[in-house]
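A structural walkthrough
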Amino acid sequence: MELKGTAAIVTGGASGLGAATARALAAAGAKVAVLDVNAEAARSVASEIGGLGLECDVTGDEAARAAIASAREAHGAARVLVNCAGIGPPGRAVSRRGPLPLDDFRKIIEINLIGTFNCARLAAADMLEQDSVNDDGERGVIVNTSSVAAYDGQIGQPAYAASKGGIASLTLPLAREFASRGVRVMTIAPGLFATPLMFSLPEEAQKALGESVPFPSRLGDADEYASMVLYICENRMLNGEVVRLDGALRMAPR
Ligand SMILES: NC(=O)c1ccc[n+]([C@@H]2O[C@H](COP(=O)([O-])OP(=O)(O)OC[C@H]3O[C@@H](n4cnc5c(N)ncnc54)[C@H](O)[C@@H]3O)[C@@H](O)[C@H]2O)c1
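This is a predicted model, so every value here is computed, not measured. (Residues numbered from 1 in each chain as written. Predicted model: local features only at pLDDT ≥ 70, side-chain atom pairs only at ≥ 80, totals over all residues.)

1. Focus on the site of the ligand
Taken together, 31 residues lie near the ligand, and Gly12, Ser15, Gly16, Gly86 and Thr195 sit nearest. Mapped onto the shell around the ligand, the elements with two or more residues apiece are helix H1 (16–27), helix H4 (102–129) and helix H7 (196–199). The class makeup of the residues in the shell around the ligand is 15 nonpolar, 14 polar and two charged. (Near = placed C-beta within 6 Å. Helix = DSSP H or I, 4+ residues; strand = E, 2+ residues; numbered from the N terminus. Nonpolar A, V, L, I, M, F, W, Y, C, P; charged D, E, K, R; others polar.)

2. What about the sheet that holds strand E2 (residues 31–36)?
Read from one edge of the open sheet, seven strands run E3-E2-E1-E4-E7-E8-E9, paired in parallel fashion. The open sheet terminates on both sides in strands that have one partner only, identified here as strand E3 (52–55) and strand E9 (242–245). Direction aside, neighbouring strands of the sheet carry axes that sit 20° apart on average. Relative to strand E4 (residues 80–83), strand E1 (residues 7–11) runs parallel, the two sharing four bridges. Counted as the bridge partner of alanine 8 is valine 80 from E4. Strand contacts of H1: E1, E2, E4, strand E7 (140–145) and strand E8 (183–190), with the helix running at about 170° to E1, the strand carrying the most contacts. (Pairing = 2+ DSSP bridges. Axes fitted to C-alpha atoms, helices over the stretch in contact; angles between N-to-C directions. Contact = placed C-beta atoms within 7 Å.)

3. Looking at the environment of phenylalanine 117
Relative to the assigned elements, phenylalanine 117 resides in helix H4. A count of 17 C-beta atoms within 10 Å places phenylalanine 117 in the partly exposed class. When the C-alpha positions of phenylalanine 117 and threonine 59 are compared, they lie 9.1 Å apart, and in sequence the two are 58 residues distant. (Buried ≥ 20, exposed ≤ 12 C-beta atoms within 10 Å, placed from the backbone.)

4. Digging into the packing of helix H3 (residues 61–75) against H4
The geometry of H3 relative to H4 is characterised by a closest axis approach of 10 Å and an angle of 40° between their N-to-C directions. Looking at the two axes, H3 sits oblique to H4. Seen along the crossing, H3 lies across H4 with a hand that is right-handed. Of the residues in H4, those touching H3 at Asp61, Ala64, Arg65, Ile68 and Arg72 are Asn118, Cys119, Leu122, Ala123 and Asp126. Of the residues that constitute the contact of H3 with H4, the class distribution is five nonpolar, one polar and four charged. (Parallel < 35°, antiparallel > 145°, perpendicular 65-115°, else oblique. Left-handed = near helix turned anticlockwise from the far one by under 90°.)

5. Observations regarding unusual backbone geometry
The linkage connecting phenylalanine 215 with the following residue, proline 216, adopts the cis geometry, with an omega of -5°. Structurally, proline 216 is set in the loop between helix H8 (203–211) and helix H9 (222–234). Backbone geometry places alanine 248, a non-glycine residue, at a positive phi of 70°. With respect to the helices, strands and loops of the structure, alanine 248 is situated in the segment after E9.

6. Examining the nonpolar core
Core analysis: the biggest nonpolar cluster contains 73 residues, and Ile9, Val10, Leu25, Val32, Val34, Val80 and Ala123 have the highest contact counts within it. Those residues in contact with alanine 123 that sit more than four places away from it in its chain are Ile9, Ile68, Ala78, Leu81 and Ile142. (Core = buried A, V, L, I, M, F, W, Y, C linked by C-beta atoms within 7 Å.)

7. Structural notes on the pairing of E8
Burial of E8 is extensive: eight of the eight residues sit out of reach of the surface. Taking every second residue as pointing to the same face, both faces of E8 are buried, with Val183, Val185, Thr187 and Ala189 on one and Arg184, Met186, Ile188 and Pro190 on the other. Bridge analysis of E7 against E8 gives six bridges, and the strand direction is parallel. For isoleucine 142, the partnering residue across the bridge sits in E8 and is valine 185. Here E8 runs beside E9; their pairing, made up of four bridges, is parallel.

8. Details of the pairing of E1
Counting buried positions over the five residues of E1 gives five, a clear majority of the element. Burial of E1 is two-sided: the residues Ala7, Ile9 and Thr11 facing one way and the residues Ala8 and Val10 facing the other way are all buried. Of the crossover connections in this fold, the one passing from E1 over H1 to the parallel E2 is right-handed. (Right-handed = clockwise from strand over helix to strand, strands pointing away.)

9. Section: H9
The end-to-end C-alpha separation of H9 is 19 Å, in line with the 18 Å expected for 13 residues at 1.5 Å each. Every buried residue of H9 is listed here: Ala222, Tyr225, Ala226, Met228, Val229, Ile232 and Cys233. For H9, the angular spread of the buried residues around the axis is 155°, confining them to a single face. Buried residues belonging to H9 abut H1, E4, E7, E8 and E9. (Expected span 1.5 Å × (residues − 1). Arc of directions from axis to C-beta.)

10. Some thoughts on the environment of glycine 60
Positionally, glycine 60 belongs in the loop between E3 and H3. The partly exposed category is assigned to glycine 60, around which 14 C-beta atoms lie within 10 Å. Considered as a pair, glycine 60 and aspartate 136 are 76 residues apart in the sequence and their alpha carbons are 34 Å apart.

Here you go:
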């Protein structure tokens, strides 16, 4: 997918991996809509890159339809969707306070898994209707964000790991469904990246986490995630796969 002049949507684009991706897509010439529940931060990133910042809670049917329609009006139908919106609060299945409230579990599944599917289905519906853009008949690319927790979930991550496992698992069926109309679906499973999500931990903990990565022994940089997104957009043979981006990290069981 040629990015120059192409309309792109980044959910969770107000911060961290999403913001780095929005910046990288814009630098590659894409017209970027930044969707985030944090409207002010979305507009701030958008104004920096000459894009469009839109308030959107990815869990809402109407909210996502409205935001994607606004992006379409401003930039034309998106050919690229990057799903980065997500949350990751820990919670044991049974803690000192008792069993994990089901609403805590539901909230993580709702934002991470259902929010990803919600935006993927709506953006894909638009992509499938467009003319193809190259000699392979390509119409669009969807990139989702899973996590190494999909494979090596730790204690306290049953909801997060399940949500990210769900994202990994929907990659192939969506890629298969859209294949005949030239829309690719890929998922990145990041390891440990330096983003505001990570900055909430004490510095010592961040350092120890970085050192636990075999090579390179540090936290990933959000720009390294963004460059992976750009590579996926450019390489048409990448489809229906989950790519770990983790410096060979395999999380220990605690
Ligand atoms: N940072 C890491 O080490 C890491 C590792 C693996 C996976 N991930 C995943 O990458 C994605 C981005 O994480 P990040 O580290 O950049 O975090 P971040 O907190 O910096 O950014 C997440 C963004 O999502 C937005 N968001 C949250 N709920 C939303 C909702 N309902 N609707 C719309 N936007 C919403 C937040 O406002 C925020 O701007 C997440 O899905 C996260 O699970 C991150």
